[in-house]
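One-letter residues, chain by chain:
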Amino acid sequence: MKYVDEYRDGDAARRLADRIAAEARPDRRYAFMEFCGGHTHAIARYGIGELLPPNLRMVHGPGCPVCVLPIGRIDQAIGLALEREAIVCTYGDTMRVPASAGLSLMKAKARGGDIRMVYSAADALKVARANPGREVVFFAIGFETTTPPTALVIRQAAAEGLQNFSVLCCHVLTPSAITHILESPEVREYGTVPIDGFVGPAHVSIVIGSAPYEHFAEEYRKPVVIAGFEPLDVMQAVLMLVRQVNEGRAEVENEFTRAVTPEGNRAAQAVVSEVFELRERFEWRGLGEVPYSALKIRPAFAAFDAELRFGLHYQGVPDHKQCECGAILRGVKRPTDCKLFGTVCTPDNPMGSCMVSSEGACAAHYAYGRFKDIPVVAA
Amino acid sequence: MKKDYLRPLDFKQGRVDMNHGAGGRAAAQLVDELFARAFDNDFLRQGDDGALLDMPPGHQLVMATDGHVISPLFFPGGDIGALSVHGTVNDVAMLGAKPLYLSASFILEEGFPLADLKRIVESMAAASREAGVPVVTGDTKVVERGKGDGVFIATTGLGAVPAGRRIGGALARPGDAVLVSGTLGEHGVAVLSKRESLEFETAIVSDTAALHGLVAQLLAAVPEGAVRTLRDPTRGGLATTLNEIARQSGVGIDLDEAAIPVLPQVEAACELLGLDPLYIANEGKCIVVVDAAHAEAALDALRAHPLGRAAARIGRVTDDPHRFVQMATRFGGRRVVDWLSGEQLPRIC
């Protein structure tokens, strides 16, 4: 089976679109939150929104790890490069996120910071081995998908007795974020979005399994359908959610059966709990402080914890007053509701992280969908 | 001992040093034994700092220039030398001109192996000969170790276009057809596969090639003026180039994703790396905006040439004051194909 072709088949898409339109009851509205940034991106890139009936809306959630990274953490990474002269290894998307003093990791690099883009944690380890005389820090971000590789790399560094490698750990957890959306006081202050169900994240679920979502389904009476990243996966999941809502069910269903099991990847979970433990609290951009929502490195591996090694303190930095990333990340507002969208805030000059990351709701809408906001004259 | 004996350059073990750029004997020797020998033509044999050139009557001059900083220097399907010839020849050809002459300027880093330099220069000479465009003048400078990345090459090309011919980015009109001469994304992926931290196995090779023969065949097959715009989608790929044309001409462009030719291996590599083939550099392809009435003839002419076998009609020009490039996705939806704000892959050409 050629995944790339078959899961993007236009005819299958149209058939699914017809099914969804037929089964969505005309007398009610449906709002489903796709939590994961990869899904936001797929929906925008393939124009899935257009294939859904007008009474069915997709709400973009905070599942983009770059988007929820607070300015203060990027400041820490920049400081390590510019002031402490460490080699900072980071994923590509993080490079352009705007931080304090008009800097970003990319701008800090232009000022002489040794900041290197890597595709994986293992690459950062290679840099450390190749530069024994320099401190090397891996800026570890991401949800549960990227956490096992970071854990493996820390364990490997310990086994090799590396003296110059550490990790700035900003890994965050999916279930905490979903709970926070559904019940935090801040959400009540901004007003809740009527969410009828969730499209559950794809790769995160490969690691954690489908079991952790049972909690939301039961406690909050919201259906969850875990979906793969291909556009047909997303549409199939939407159909399954429509059916659950119509039938009054609130269950966890798995559309991504080719990769996700109920218990997830036990080996990955084991290595993660060997190396990491929960932080009591962690600031998320746009969501404020969320309890037990992020990871820190266990004392046994303290030598590889950049925060300890460099004596870093966390300093929270507020967003631009008119930046609506916070509300957008919670699904309370849309990109076009933000006064800065498309004017001051563009991919070239991003004010907030929703515009920088390719998975951010604002970046996705700007890149793929903003032509719909403006009437266009056809030839 | 032979009189006038000059010990030849050691191309096996030797390295570029500061003397080679100082304009003295060592520099002259490098020019004689490497550059002049490889490029060898009447112009260079004069031994002057410039070249005296003839221009065909009834023609206008076209000039184009390119700097080449590609890393790595050698990649599947090519090297910086061949690239520097093809790139400039193509820029001249994109105005509908016949490329006639090239200049080549080398900035060498102290310590660069002469063996690699020889390989690059000979590759350049082969590309120049194959294209029928001689390198008629050049220059060499050397910078200290650490101040240059091996070698940078700048080439300038001169060509001749029949007086009155106008082909340019501002000339696309609503209703025109948009064609592409072949499959996309190969150069960028081939280069990426050689970069240090990203070694992955692939059979993809760069498509670097001189396109002036293809362009000549195309222009001969349609009436003068039918081809509005020619442009090769290098840095930033098809998407960026189409956005440039849309902006210059004050029009919109509408694409059909299913019609855009991309090799399955390139699709797969892009999926793996999270890249979009529409934004990846090509060095042997061109975009053709042509009067729709002559689109089929244009396509036939492209496909009849070895470098245009996979040519395809991918869209049309629309009347759009916002100058969007839009696309009907394979999936049945629509999206904008926007400018990128930065380079997905740095040092790609």
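Conventions and cut-offs
Residue positions are given per chain, counting from 1 as you read along its sequence in written order. Note on labels: chains are lettered from A, ligands numbered from 1, in written order. Reporting in this predicted model follows two pLDDT cut-offs: at least 70 for local features of residues, and 80 or more for side-chain atom pairs to be given and counted; totals over whole chains, interfaces and linings ignore these cut-offs and use all residues. With hydrogens and water excluded, all non-hydrogen atoms of the structure serve as input to the side-chain values. DSSP bridges decide pairing: two strands pair if at least two such bridges lie between them. Under the DSSP-based scheme used, a helix requires at least four consecutive residues in state H or I and a strand at least two consecutive residues in state E, with every element numbered from the N terminus. Under this scheme, a helix contributes an axis fitted over its contacting stretch, all axes are lines through C-alpha atoms, and angles between N-to-C directions fall in the 0 to 180 degree range. When accessible area is computed with a 1.4 Å probe and restricted to protein chains, residues below 20% of their type maximum are described as buried, those above 50% as exposed, and intermediate ones as partly exposed. Each helix should span, by expectation, one fewer than its residue count multiplied by 1.5 Å. Only heavy atoms matter for contacts: two residues are in contact if any of them lie within 4.5 Å across the pair. Read the arc as the range of directions from the helix axis to the C-beta atoms. For this analysis, a polar contact is any N or O atom pair within 3.5 Å, provided that within protein one partner can donate a hydrogen and the other can accept it, and provided that sequence-adjacent residues contribute only side-chain to side-chain pairs. For salt bridges, the criterion is a side-chain nitrogen of Lys or Arg within 4 Å of an Asp or Glu carboxyl oxygen. Once two parts are joined, some of their accessible surface, as seen by a 1.4 Å probe, is lost; buried area is that loss totalled over both. Only a pair of cysteine sulfur atoms within 2.5 Å counts as a disulfide in this structure description. Confidence scores per residue from the predictor, reported as pLDDT, run from 0 to 100.

A.B. asks: Describe the sheet that holds strand β5 (residues 135-143) of chain B, listing the residues and the values that go with them.
C.D. replies: All names here are of chain B. Judged by pairing direction, the sheet is mixed, and its four strands sit side by side in the order β1-β6-β4-β5 without closing on themselves. Bordering the open sheet on either side are β1 (59-68) and β5, each of which pairs with just one other strand. Between one strand axis and the next, the sheet turns by 15° as a mean value, whatever way the strands run. In this sheet, strand β6 (residues 151-162) lies alongside strand β4 (residues 98-109) in antiparallel orientation, the contact comprising 10 bridges. By the bridge assignment, Lys98 is partnered in β6 with Ala160.

A.B. asks: How would you explain unusual backbone geometry if you had to name every residue and give the values?
C.D. replies: Pro72 of chain B follows Ser71 of chain B through a cis peptide bond whose omega is 0°. Mapped onto the secondary structure, Pro72 of chain B falls in the loop between β1 and β2 (74-75). The residue Glu85 of chain A is not glycine, and still its phi comes out positive at about 55°. Relative to the helices and strands, Glu85 of chain A is located in the loop between α4 (71-82) and β3 (87-90). Taking the relative accessible area as the measure of exposure, Glu85 of chain A reaches 59% and is therefore exposed. Phi at Ala101 of chain A is positive, roughly 60°, even though this residue is not glycine.

A.B. asks: Would you mind going over helix α2 (residues 10-23) of chain A in detail, with residue names and values included?
C.D. replies: Across its 14 residues, α2 of chain A extends 20 Å between first and last C-alpha, which sits within 8% of the 20 Å expected from 1.5 Å per residue. On the buried face of α2 of chain A, the contacting elements are β1 (30-36), β2 (56-63) and α12 (231-246) of chain A.

A.B. asks: Any chance you could break down helix α13 (residues 266-275) of chain A for me, citing the residues and the numbers?
C.D. replies: Along an α-helix, residues three or four apart share an orientation, since each turn contains 3.6 residues. Residues and elements named next belong to chain A. Of all the positions in α13, only Ala268, Val271, Val272 and Val275 are classed as buried. The buried residues of α13 all sit within an arc of 100° when viewed along its axis, so they share a single face. For α13, the elements touching its buried residues are α7 (147-160), α10 (203-208), β10 (276-278) and β13 (295-297). The backbone nitrogen of Ala267 has a side-chain oxygen 3.2 Å away, supplied by the residue at the start of α13, namely Asn265.

A.B. asks: So what's going on with the pattern of salt bridges? Residues and values would help.
C.D. replies: All names here are of chain A. For the structure shown, the criterion picks out 38 salt bridges over all chains. The closest approach of N and O atoms between Asp123 and Lys126, which form a salt bridge, is 3.6 Å. Of the two residues, Asp123 and Lys126 both sit in helix α6 (residues 121-130), three residues apart, roughly one turn of that helix. Its salt-bridge partner being Asp319, residue Arg285 comes within 2.8 Å of it at the nearest N-O pair. Note that Arg285 is positioned in the loop between β11 (281-284) and β12 (288-291) and Asp319 in the loop between α14 (306-309) and α15 (325-329), a separation of 34 residues in sequence. Look at the salt bridges and you will find they share partners, linking Glu247, Arg249, Glu251 and Glu253 into a network.

A.B. asks: Residue-level account of the interface of chain A and chain B, with values.
C.D. replies: Across the contact, 33 residues belong to chain A and 23 residues belong to chain B. Taken together, the two surfaces of chain A and chain B that pack against each other cover about 2,400 Å², and 56% of this comes from carbon and sulfur. Inspection of the chain A/chain B interface yields zero salt bridges. Counting across the interface, chain A meets chain B through two residue pairs in polar contact (both at pLDDT 80 or more).

A.B. asks: I'd love a proper account of the sheet that holds β3 of chain A, names of residues and values included.
C.D. replies: Residues and elements named next belong to chain A. Strand order across the open sheet formed by four strands is β4-β3-β5-β6, with parallel pairing between neighbours. In this open sheet, the two edge strands, each paired with only one partner strand, are β4 (115-117) and β6 (165-171). The average angle at which neighbouring strand axes cross in this sheet is 25°, direction not considered. Bridge analysis of β3 against strand β5 (residues 136-142) gives three bridges, and the strand direction is parallel. Bridged to Val88 within β5 is Val137. Those strands touched by α6 are β3, β4, β5 and β6, and its axis lies near 175° from that of β5.

A.B. asks: Quick rundown of the state of the cysteines? Include the residues and the values.
C.D. replies: Covalent bonding between the sulfur atoms of two cysteines defines a disulfide. Residues and elements named next belong to chain A. For the structure on display, the rule yields one disulfide over all chains. What pairs with Cys64 in a disulfide is Cys67, and their sulfur atoms sit 2.5 Å apart. Disulfide Cys64 to Cys67: torsion about the S-S bond roughly 75°, handedness right-handed. Exposure remark for Cys64: the relative accessible area of 3% places this residue in the buried category. Cys67 gets classed as buried once you look at its relative accessible area, which sits at 1%.

A.B. asks: Can you explain the confidence of the model for chain B? Please cite residues and give values.
C.D. replies: Looking at chain B, the pLDDT average stands at 92 and 95% of residues meet or exceed 70. Two numbers describe this predicted complex: its pTM, 0.82, and its ipTM, 0.71.

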